[in-house]
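The residues making up each chain are set out below.
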Amino acid sequence: VQLQAFGGGLVQAGGSLRLSCVASGRTFSNYVMGWFRQAPGKEREFVAGITWSGSNTLYADSVKGRFTISRDNAKNAVYLQMNSLKPEDTAVYYCGARSGSYYVIEVEPVRYDSWGQGTQVTVSS
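To keep things clear, this report deals only with the structure shown in the data block. (Residues numbered from 1 in each chain as written. Predicted model: local features only at pLDDT ≥ 70, side-chain atom pairs only at ≥ 80, totals over all residues. Heavy atoms only, no water.)

## Some points on the nonpolar core
Reasoning step 1: Ranked by internal contacts, the top residues of the largest apolar core, which has 36 residues, are Met 33, Trp 35, Leu 80, Met 82 and Tyr 93.
Reasoning step 2: Secondary structure elements with two or more residues in this core: strand S1 (2–6), strand S3 (17–24), strand S4 (32–38), strand S5 (45–50), strand S7 (67–72), strand S8 (77–82), strand S9 (91–98) and strand S11 (119–124). (Core = buried A, V, L, I, M, F, W, Y, C linked by side-chain atoms within 4.5 Å. Buried < 20%, exposed > 50% of the residue type's maximum accessible area, 1.4 Å probe, protein only. Helix = DSSP H or I, 4+ residues; strand = E, 2+ residues; numbered from the N terminus.)

## Topic: the sheet that holds S8
Reasoning step 1: Read from one edge to the other, the open sheet built from 4 strands follows the order S1-S3-S8-S7, with strand pairing classed as antiparallel. In this open sheet, the two edge strands, each paired with only one partner strand, are S1 and S7. Averaged over all pairs of adjacent strands, the angle between strand axes in this sheet comes to 15 degrees, irrespective of strand direction.
Reasoning step 2: Sheet topology places S3 next to S8; 6 bridges connect them, and they run antiparallel. If you follow Cys 21 over to S8, its bridge partner there is Val 78. (Pairing = 2+ DSSP bridges. Axes fitted to C-alpha atoms, helices over the stretch in contact; angles between N-to-C directions.)

## Brief notes about unusual backbone geometry
Reasoning step 1: Its identity as a non-glycine residue notwithstanding, Asn 76 has a phi of 55 degrees, on the positive side.
Reasoning step 2: Note on placement: Asn 76 falls in the loop between S7 and S8.
Reasoning step 3: In this structure Asn 76 comes out as partly exposed when scored by relative accessible area, which is 26%.

## Let's talk about the pattern of salt bridges
Reasoning step 1: Taken as a whole and judged by the stated rule, the model has 5 salt bridges.
Reasoning step 2: Here Arg 66 makes a salt bridge to Asp 89, at a shortest N to O gap of 2.7 Å. Here Arg 66 is found in the loop between strand S6 (57–59) and S7, whereas its partner Asp 89 is found in the loop between S8 and S9, with 23 residues between them in sequence.
Reasoning step 3: For Asp 89, a relative accessible area of 0% gives the class buried.
Reasoning step 4: Arg 98 is paired through a salt bridge with Glu 106; the nearest N and O atoms lie 3.9 Å apart.
Reasoning step 5: With relative accessibility at 16%, the residue Arg 98 sits in the buried group.
Reasoning step 6: Through salt bridges with shared partners, a single network forms among Arg 37, Glu 45, Arg 66 and Asp 89. (Salt bridge = Lys/Arg side-chain N within 4 Å of Asp/Glu carboxyl O.)

## Re the pairing of S3
Reasoning step 1: The pairing of S1 with S3 spans 5 bridges and is classified as antiparallel. Bridged to Leu 3 within S3 is Ala 23.

## Remarks on the side chain of Arg 66
Reasoning step 1: Assessed through its relative accessible area of 11%, Arg 66 is described here as buried.
Reasoning step 2: At 2.8 Å, the side chain of Arg 66 and the backbone oxygen of Ser 62 are in polar contact.
Reasoning step 3: Look past the residues within four positions of Arg 66 in its chain and what remains in contact with it is Gln 81, Met 82, Asn 83, Ser 84, Leu 85, Lys 86 and Asp 89. (Polar contact = N/O pair within 3.5 Å; in protein donor to acceptor, adjacent residues only side chain to side chain. Contact = heavy atoms within 4.5 Å.)

## Topic: the packing of aromatic side chains
Reasoning step 1: Applying the stated rule across the entire model yields 6 aromatic pairs.
Reasoning step 2: Centre to centre, the rings of Phe 36 and Phe 46 are 5.6 Å apart; their planes meet at 80 degrees, and the pair counts as edge-to-face. Linking Phe 36 in strand S4 with Phe 46 in strand S5, this pair joins segments that are 10 residues apart in sequence. Phe 46 matches Phe 36 in its accessibility class, with the two residues each being buried.
Reasoning step 3: Pairing Phe 36 with Tyr 112 gives two aromatic rings, centres 5.0 Å apart and planes at 75 degrees, and the pair type is edge-to-face. (Phe/Tyr/Trp six-rings, centres within 6.5 Å; stacked < 30°, edge-to-face > 60°.)

Below is the structure:
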């Protein structure tokens, strides 16, 4: 599956952004989807994940209560609503797709088969 992420930008602390990731090429509903981020000099880290039906989600502790992941299988899209943004949320955000498991949300990047190109999120203080 091919992924394209967009929606990043520059926002002040406390602001909001909504990231989108659109998939093409395969049956989107077969994939567990995840959002990850990578700040300069750091490893890619898990942010949020969602099962194929959207019934289950998982969040990193650092974003819990501020970020919401959702998906629309009819539109082949997954979203990340980010509220109450902090400067430490600044990173390139990537969406990932994992095949072969409808119900398990993996937090390790190596478990994901396909990646979007990334979208920059910058939060100013």
